Amino acid sequence: MRLFLFGISAFSYWLTVPVAPRESDKMGMSVFAKCEPSTAAIEHLCAQFPFLPRPVHVSTNAQNRKVPSDVVAHVMSFRLRGKAFCHVGNGLYAACPELCFAKLAQQLSFHELVRAGNVLCGRFCVRPDGAGTLAPRNSLTSKRRIGAFLKRNLGITGAKQARQALRWVVEGAASPPEAFLAMVLGLPFRRGGFQLEGAKVNQRIKPSREARAIAGRETLVPDLLFDDMRLAVEYDSTAEHAAAAQLTRDAQKRLALEADGYKVITVTAGQICRAGEMKHIAKQAYRRRGRRFRPQSAVFLQQQAMLFQMGWSLDRYLDLERREGNA
């Protein structure tokens, strides 16, 4: 018995994994045989990963195989090149992060696909504990590796949409709000963003001697950094509840950045989901860059409404309500 997680279900699995897959767990198409999305196989899957939302999406190599009612079977007829699958449990496999991204292009909108790419290339996971708490982890993949996979498998369904979205994926986000903030500020006007190019997410920088003395540390890691205009954008979700030590550390970081000539803009949890609030922040950045804010796209407002309606929450990929209801 072998079961292969596909698309949304594979992404829900990768969203919760605390470590990146090992090279020894990666396998090629030869393992994609004897796919049996039977009732027994699905029950085994649900026992192992009870947080997966329903219906469960799986891959199969048989056209007319009967599957349980809460399962969506996707026929995989394309002969993939490279190691496209990862062994994740007894008889259980998942599309590798690169294949997962390509296949999500068939199921998600452009904005959702970029957000998914930010997660796969990010440095966090969501604990499937019903509370949606975060934990740090190394990135599962990178834009380079996803691009290389798509290049090796040009004929795969969804490859074109995946390449279009991959251009706007950011690497290194430490939380879903950070990833969303990068989208809001960085996406082009035609996609509803504020078209502020050049942001680096969580890039470690070495400040001056004076700034190091202020910060009490050797390096600083701004959430978003625009080197060309000496601008740092910090996301602050805990201003009202942070411990005194954390507030002091954040204040030292801000003062150190300002001592080195950076303008620091803080975005709060209340601002990040409001287009009007983010527009004011974007205008500050445009003034810093010496340019006027002029969204030159007829679909800017429509696309921006879609972007903010999506938001940063990843709850839909984890079946939190069902688990809480059964607790």
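From a predicted model like this one, the values you see are computed outputs, not experimental measurements.

Participant: What am I meant to see in the overall build of the chain here?
Facilitator: Across its full length, the chain carries 13 helices and twelve strands. Computed over its C-alpha atoms, the radius of gyration of the chain comes to 21 Å, within 12% of the 20 Å expected for a compact globule of 327 residues. Across its three principal axes, the chain shows a C-alpha extent of roughly 65 × 45 × 35 Å. Looking at the chain as a whole, 51% of its 327 residues are labelled buried. A separation threshold of at least 6 residues defines the contact pool for the chain, and within that pool the share at least 24 residues apart is 72%. By element, 48% of the accessible surface of the chain is carried by carbon and sulfur atoms, the whole surface being about 15,500 Å².

Participant: How do you make sense of a positive patch on the surface when you look at a structure like this?
Facilitator: Taken together, the side chains of Arg230, Lys263, Lys279, Lys283, Arg287 and Arg288 define a basic patch exposed on the protein surface. Here the element with the most residues in the positive patch is helix α11 (residues 275-289); it accounts for four residues. Take lysine 279: it is sitting in helix α11. For lysine 279, a relative accessible area of 36% gives the class partly exposed.

Participant: Looking at this structure, I do not really get the layout of surface pockets. What am I missing?
Facilitator: It is the rolling of a water-molecule-sized probe over the atoms that shows where space remains empty. Roughly 1,100 Å³ of internal volume is contained in the largest pocket. When contributions to the lining of the largest pocket are tallied by element, the ones reaching two or more residues are β7 (124-126), β8 (134-136), α7 (176-186), β11 (231-236), α9 (244-259) and β12 (263-268). No other element matches α9, which puts eight residues into the lining of the largest pocket. For the lining of the largest pocket, a count of residues per class yields 19 nonpolar, ten polar and twelve charged. There is about 280 Å³ of room inside the second largest pocket. Along the wall of the second largest pocket there are 16 residues; nearest its centre are Lys143, Trp168, Val169, Val170 and Ala199. Looking at the lining of the second largest pocket, the elements that each hand over two or more residues are α7 and β9 (200-201). In terms of residue count, α7 provides more of the lining of the second largest pocket than any other element does, three residues in total. Class assignment of the residues belonging to the lining of the second largest pocket gives a composition of nine nonpolar, two polar and five charged.

Participant: What am I meant to see in the sheet that holds β11 here?
Facilitator: Two pairing modes exist for strands in a sheet, parallel and antiparallel, and in both the strands are linked by backbone hydrogen bonds. In spatial order, the strands read β9-β10-β11-β12; together these four strands make up an open sheet with mixed pairing. Every interior strand has two partners, whereas the edge strands, β9 and β12, have only one. Lying on the sheet, α9 is in contact with β11 and β12; it crosses β12 at an angle near 150°. Against the sheet, α11 makes contact with β10 (224-226), β11 and β12, and its axis sits at roughly 170° relative to β12, the strand it touches most.

Participant: Even after reading the chapter, I still don't get the side chain of aspartate 260, so can you show me in this structure?
Facilitator: Tracing the chain through its elements places aspartate 260 in the loop between α9 and β12. Side chain to side chain, aspartate 260 and serine 208 meet in a polar contact 2.5 Å long. Those residues in contact with aspartate 260 that lie beyond four places of it in its chain are Pro207, Ser208, Ala211 and Arg230.

Participant: Before we go on, may I ask you to explain the pairing of β11 in this structure?
Facilitator: Where a strand is regular, its side chains alternate between the two sheet faces. In terms of burial, β11 is a largely internal element, five of the six residues being buried. When β10 meets β11, the two strands line up antiparallel, connected through three bridges. The residue bridging phenylalanine 226 from the neighbouring strand is leucine 231, located in β11. Here β10 hands over to β11 after four residues, with arginine 230 in that stretch at a positive phi of 50°. Bridging between β11 and β12 involves six bridges; their strand directions are parallel. Following the sheet pairing, alanine 232 is matched in β12 by valine 264.

Participant: Sorry if this is basic, but what is going on with the side chain of arginine 115 here?
Facilitator: Topologically, arginine 115 is positioned in helix α4 (residues 110-120). No salt bridge is formed by the buried arginine 115. Its closest oppositely charged neighbour is glutamate 112, at 4.1 Å. For arginine 115, the residues in contact, after removing those within four places along its chain, are Met183, Met310, Gly311, Trp312, Ser313, Leu314 and Tyr317.

Participant: Can you walk me through the confidence of the model for the chain in this structure?
Facilitator: Caution is warranted with low-pLDDT regions, since their predicted coordinates should not be read in detail. Across the chain, the average pLDDT comes to 89, with 94% of residues at or above 70. Below a pLDDT of 50 lies the segment residues 321-327, which in the model reaches nine contacts outside its immediate sequence neighbourhood of four places, other chains included.

Participant: Explanation requested: the sheet that holds strand β6 (residues 92-95) in the structure shown.
Facilitator: Read from one edge to the other, the open sheet built from six strands follows the order β2-β5-β6-β1-β3-β4, with strand pairing classed as mixed. Lying at the two open borders of the sheet, with one neighbouring strand each, are β2 (26-27) and β4 (71-75). Pairing geometry for strand β1 (residues 3-5) and β6, over three bridges, is parallel. Residue pairing across strands places phenylalanine 4 opposite tyrosine 93, the latter belonging to β6. Packed on one face of the sheet, helix α1 (residues 7-16) meets β1, β3 (56-60), β5 (85-89) and β6 and runs near 100° to β6.

Each value, and the rule that gives it
- Counting of residues starts from 1 at the beginning of each chain's written sequence and follows it residue by residue.
- Reporting of local features is limited, given that this is a predicted model, to residues whose pLDDT is at least 70; pairs of side-chain atoms are given and counted only at 80 or more, and all residues count toward the totals for whole chains, interfaces and linings.
- Excluding hydrogens and water, the side-chain values take into account all heavy atoms of the structure.
- In DSSP terms, a helix is any run of H or I states spanning at least four residues, a strand is any run of E spanning at least two, and both are numbered starting from the N terminus.
- For the radius of gyration, the atom set is restricted to C-alpha positions; the globular benchmark scales as 2.2 Å times the number of residues to the power 0.38.
- Only protein chains enter the area calculation, which uses a 1.4 Å probe; residues under 20% of their type maximum are buried, those over 50% are exposed, and those in between are partly exposed.
- Here, two residues are considered to be in contact whenever any of their heavy atoms come within 4.5 Å of each other.
- Values of accessible area rely on a 1.4 Å probe in the Shrake-Rupley scheme; residue burial ignores everything except the protein chains shown.
- Only residues whose relative accessible area exceeds 30% and that form no salt bridge enter a patch; like-charged residues are grouped when within 9 Å of one another, and nonpolar side chains (Val, Leu, Ile, Met, Phe, Trp, Tyr) when within 5 Å.
- Any Lys or Arg side-chain nitrogen found within 4 Å of a carboxyl oxygen on Asp or Glu counts as a salt bridge.
- Neither His nor the chain termini are counted; the positive set is Lys and Arg, and the negative set is Asp and Glu.
- One atom stands in for each charge, and that atom is NZ of Lys, CZ of Arg, CG of Asp or CD of Glu.
- Grid points spaced at 1 Å and placed over the protein atoms alone form the basis of the search, with a cavity being a set where a 1.4 Å probe fits but cannot get out and a pocket an open set showing protein on both sides within 12 Å along at least five of seven lines. Lining residues have an atom within 4 Å of a point.
- Grid points are joined across faces, edges and corners, and a volume is the space filled by probe spheres set on the points.
- Nonpolar residues are Ala, Val, Leu, Ile, Met, Phe, Trp, Tyr, Cys and Pro. Charged residues are Asp, Glu, Lys and Arg, and all others, Gly as well, are polar.
- Here, strands pair whenever DSSP counts at least two bridges between them.
- Angles here are taken between N-to-C directions and fall from 0 to 180 degrees, while the axes themselves are lines fitted to C-alpha atoms, restricted in helices to the stretch in contact.
- Here a polar contact is taken to be a pair of N or O atoms separated by no more than 3.5 Å, where protein atoms must pair a possible hydrogen donor with a possible acceptor and residues adjacent in sequence count only if both atoms sit in side chains.
- As a per-residue measure, pLDDT reflects the predictor's confidence and takes values from 0 up to 100.

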